[in-house]
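Here is how the chains run, residue by residue.
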Amino acid sequence: MKINRNYLKKSIKNELKISDIDFDDVKDCRFFIEDDFWLDFKNGKTTLSFWFAPKEPLKADRTFEVHHSQAPYYHFGTMFYPEGSTEPKFYKFTMDTEGIPETYRSGSFFIRFNKVDLGKTFYLTKGKLEVDDNPSLYSPSKTELEPSKQAIYLAGGVFQEVYPVKA
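Draft legend 1. View of the sheet that holds strand S6 (residues 89-96). Taken in spatial order, the four strands make up an open sheet running S1-S8-S3-S6, and their pairing is antiparallel. Each of the sheet's edge strands pairs with one partner strand only, and the pair in question is strand S1 (13-17) and S6. Within the sheet, the average angular offset between the axes of one strand and its neighbour, ignoring direction, is 25°. Pairing between strand S3 (residues 45-54) and S6: eight bridges, direction antiparallel. Across the sheet, Ser49 pairs through a bridge with Lys92, a residue of S6.

Draft legend 2. Representation of the pattern of salt bridges within the structure. In total, this model carries 10 salt bridges according to the counting rule given. Of the charged contacts in the structure, one is a salt bridge between Asp36 and Arg5, with a shortest N-O distance of 3.2 Å. Taken together, the residues span a long stretch of sequence, with Asp36 in the loop between strand S2 (26-32) and helix H1 (37-40) and Arg5 in the segment before S1 at a distance of 31 residues. A salt bridge links Asp25 to Lys115; its shortest N-O distance comes to 3.8 Å.

Draft legend 3. Just the sheet that holds strand S7 (residues 108-114), in detail. Taken together, the four strands give an open sheet; going across it, the order is S2-S7-S4-S5, and neighbouring strands pair in antiparallel fashion. Because the sheet does not close on itself, it has two edges, and the strands there are S2 and strand S5 (75-81). Strand-to-strand twist across the sheet, computed as the mean angle between neighbouring axes with direction ignored, equals 25°. Direction of pairing for strand S4 (residues 62-68) relative to S5: antiparallel, over a ladder of six bridges. Note on S5: the bridge partner recorded for Glu65 is Thr78.

Draft legend 4. Representation of the confidence of the model for the protein chain within the structure. Averaged over every residue, the pLDDT of the protein chain is 86; the share at 70 or more is 87%. Across the protein chain, element-level confidence peaks in strand S8 (residues 121-130) with a mean pLDDT of 96 and bottoms out in helix H2 (residues 151-154) with 55. With pLDDT under 50 throughout, residues 158-167 is counted as low confidence; its partners more than four residues away or in other chains account for 23 contacts.

Draft legend 5. How the structure looks around the packing of aromatic side chains. Within this structure, the stated rule accounts for 19 aromatic pairs. Ring plane angle 80° and centroid distance 4.7 Å describe the contact between Phe37 and Trp38, whose orientation is recorded as edge-to-face. You'll find Phe37 and Trp38 in the same group, each marked buried. The interplanar angle of 85° and the centroid separation of 4.8 Å between the aromatic rings of Tyr74 and Tyr104 together place this pair among those described as edge-to-face. Here Tyr74 is found in the loop between S4 and S5, whereas its partner Tyr104 is found in the loop between S6 and S7, with 30 residues between them in sequence. Judged by its relative accessible area of 22%, Tyr74 is partly exposed.

Draft legend 6. Main features of the side chain of Ser106. Within the secondary structure, Ser106 is located in the loop between S6 and S7. Residue Ser106 is classed as buried on the basis of its relative accessible area, which comes to 2%. Within the local environment of Ser106, its side chain forms a polar contact with the backbone nitrogen of Ser69, the two atoms lying 3.1 Å apart. What Ser106 contacts, discounting residues up to four positions off in sequence, is Ile33, Trp38, His68, Ser69 and Gln70.

Rules and cut-offs
Residues numbered from 1 in each chain as written. Predicted model: local features only at pLDDT ≥ 70, side-chain atom pairs only at ≥ 80, totals over all residues. Heavy atoms only, no water. Pairing = 2+ DSSP bridges. Helix = DSSP H or I, 4+ residues; strand = E, 2+ residues; numbered from the N terminus. Axes fitted to C-alpha atoms, helices over the stretch in contact; angles between N-to-C directions. Salt bridge = Lys/Arg side-chain N within 4 Å of Asp/Glu carboxyl O. pLDDT = per-residue confidence, 0-100. Contact = heavy atoms within 4.5 Å. Phe/Tyr/Trp six-rings, centres within 6.5 Å; stacked < 30°, edge-to-face > 60°. Buried < 20%, exposed > 50% of the residue type's maximum accessible area, 1.4 Å probe, protein only. Polar contact = N/O pair within 3.5 Å; in protein donor to acceptor, adjacent residues only side chain to side chain.

Here it is in structure tokens:
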């Protein structure tokens, strides 16, 4: 089974503690992209997917915007998370990249939080940024693997054992 390469630098688990708010009453939590992504991104479509959940139930329904972090801040999509739950929800966004200039580069994507999220903790797990509109199974990014396991990505991405992950 072919597994598309994951271009997120830290994809397994991210804890997002919203302990401060930046300018304009928002907090942008960033997730970093491997540089190699920009060599492949013009193939037509890219897909970003991940699981997302709050540590404690939210008191109201929330929407969160997801963007690339370099102007013009290309928009992946909008997440909806319901009140009263801590169940992880799966989100998948597919972006057409044909209209993005060849010279565009963004070191990360971000999820935007606001004042109502202050003091809350969220989790983003099994994140994947892949160059394809037909997403494949989750796999860690190349940078999260032991060097001996990174050869999988250099050999064409045919799925084999990809663990153990670096500590």
